[in-house]
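Here are the chains, one letter per residue:
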Amino acid sequence: MPEHLLCDPDKQEIPVSSLAYLGDAVYELAVRDRILATCAGQAHMLFRLSLRYVEASAQAAALDFIYPQLTEEEQALCRRARNHVPKSRPRKQDPLAYRKATALEALCAWLYLQAAEDRLGEILEACFHYLEEDKPGTQGESLASDSLDKPSR
C-alpha cells in the first residue's frame, strides 16, 4: 500500500469525497476480480456483468442489507458519507441511492486504509452474496427504512 495513503488513516480527517474516490476503485477491483474468477469473455460482456454490482442502486441496496451487521464506528462513517453534500448531482440516478453508494465506497476505502483486509472481505462478500441472489421485483429498490435513511444527529 502506498505510504502517502496511510499518512493519517483517521476517517474523520480524510474528506468523504477522497474516501469515495478511493473506495470506488477498491470496490470496482473486487467486482472485477469476482467476475473474472467465474468467467472470462470480451470486455463488453464483462462490463455488462459488472453492472449488477456497481450501479448506484445496487450499491445502495447492498449497503441497506449489510448496515445492521456493521459496527457502530462503521455505521457512523456510512452516515457521515451518506450525509455528505457532493458538489455535483448524479445524472439519471436517485439522489438517495447515489449517496448510499458513496457511503459504501467510503467504507471500502476506510477499511482499505486501515489495512482491515479480513473485515473488508467480509463486507464485500456479504454485499456480493446479496446482489447475486434472485430477488424478483426488488432490483433498484431500497430494502429498508432503517436509521441509514434518516439524517444523523
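Residues numbered from 1 in each chain as written. Predicted model: local features only at pLDDT ≥ 70, side-chain atom pairs only at ≥ 80, totals over all residues. Heavy atoms only, no water.

(A) Layout of the overall build of the protein. Within the protein, the regular secondary structure consists of six helices and zero strands. Walking the protein from its N terminus toward its C terminus, one meets helices and strands in the order α-α-α-α-α-α. Residue burial in the protein is summarised as follows: out of 153 residues, 38% are buried. Summing over all exposed atoms, the protein offers an accessible surface of approximately 9200 Å²; the carbon and sulfur share of this is 53%. (Helix = DSSP H or I, 4+ residues; strand = E, 2+ residues; numbered from the N terminus. Buried < 20%, exposed > 50% of the residue type's maximum accessible area, 1.4 Å probe, protein only. Areas by Shrake-Rupley, 256 points an atom, 1.4 Å probe, with all protein chains shown as cover.)

(B) Geometry of the environment of Leu-77. Along the chain, Leu-77 turns up in helix α4 (residues 72-83). Assessed through its relative accessible area of 0%, Leu-77 is described here as buried. With 29 residues separating them in the primary sequence, Leu-77 and Ala-106 have C-alpha atoms 7.7 Å apart.

(C) Layout of the packing of α4 against helix α5 (residues 95-113). The N-to-C vectors of α4 and α5 enclose an angle of 135°; their axes lie 8 Å apart at closest approach. The pairing of α4 with α5 is recorded here as oblique in orientation. The handedness of the crossing between α4 and α5 comes out as right-handed. From α4, Glu-73, Glu-74, Leu-77, Cys-78, Ala-81, Arg-82 and Asn-83 reach across to α5, where they touch Leu-96, Arg-99, Lys-100, Thr-102, Ala-103, Ala-106, Leu-107, Trp-110 and Leu-111. Residues of the contact of α4 with α5, tallied by class, amount to nine nonpolar, two polar and five charged. (Axes fitted to C-alpha atoms, helices over the stretch in contact; angles between N-to-C directions. Parallel < 35°, antiparallel > 145°, perpendicular 65-115°, else oblique. Left-handed = near helix turned anticlockwise from the far one by under 90°. Contact = heavy atoms within 4.5 Å. Nonpolar A, V, L, I, M, F, W, Y, C, P; charged D, E, K, R; others polar.)

(D) Broad picture of the nonpolar core. Ranked by size, the top nonpolar core spans 37 residues in total, and within it Leu-19, Tyr-27, Ile-66, Leu-70, Leu-107 and Phe-128 carry the most contacts. Contributions of two or more residues to this core are made by α1 (16-38), α2 (43-54), α3 (56-66), α4, α5 and α6 (117-132). (Core = buried A, V, L, I, M, F, W, Y, C linked by side-chain atoms within 4.5 Å.)

(E) Here's a closer look at α1. Spanning 23 residues, α1 covers 33 Å between terminal C-alpha atoms, matching the ideal 33 Å at 1.5 Å per step. All buried positions along α1 are accounted for by Val-16, Leu-19, Ala-20, Gly-23, Val-26, Tyr-27, Ala-30, Val-31 and Ile-35. Contacts from the buried residues of α1 go to α2, α3, α4, α5 and α6. (Expected span 1.5 Å × (residues − 1).)

(F) View of the layout of surface pockets. Approximately 480 Å³ is the volume found for the largest pocket. Looking at the largest pocket, it is lined by 21 residues, and the ones nearest its centre are Ala-20, Asp-24, Tyr-98, Thr-102 and Glu-105. Of all elements in the fold, only α1, α3 and α5 reach the threshold of two or more residues within the lining of the largest pocket. Per-element tally for the lining of the largest pocket: the top contributor is α1, with six residues. Grouping the constituent residues of the lining of the largest pocket by class yields ten nonpolar, five polar and six charged. (1 Å grid on protein atoms, 1.4 Å probe; cavity = no way out; pocket = protein on both sides within 12 Å on 5 of 7 lines; lining within 4 Å. Points joined across faces, edges and corners; volume = space filled by probe spheres on them.)

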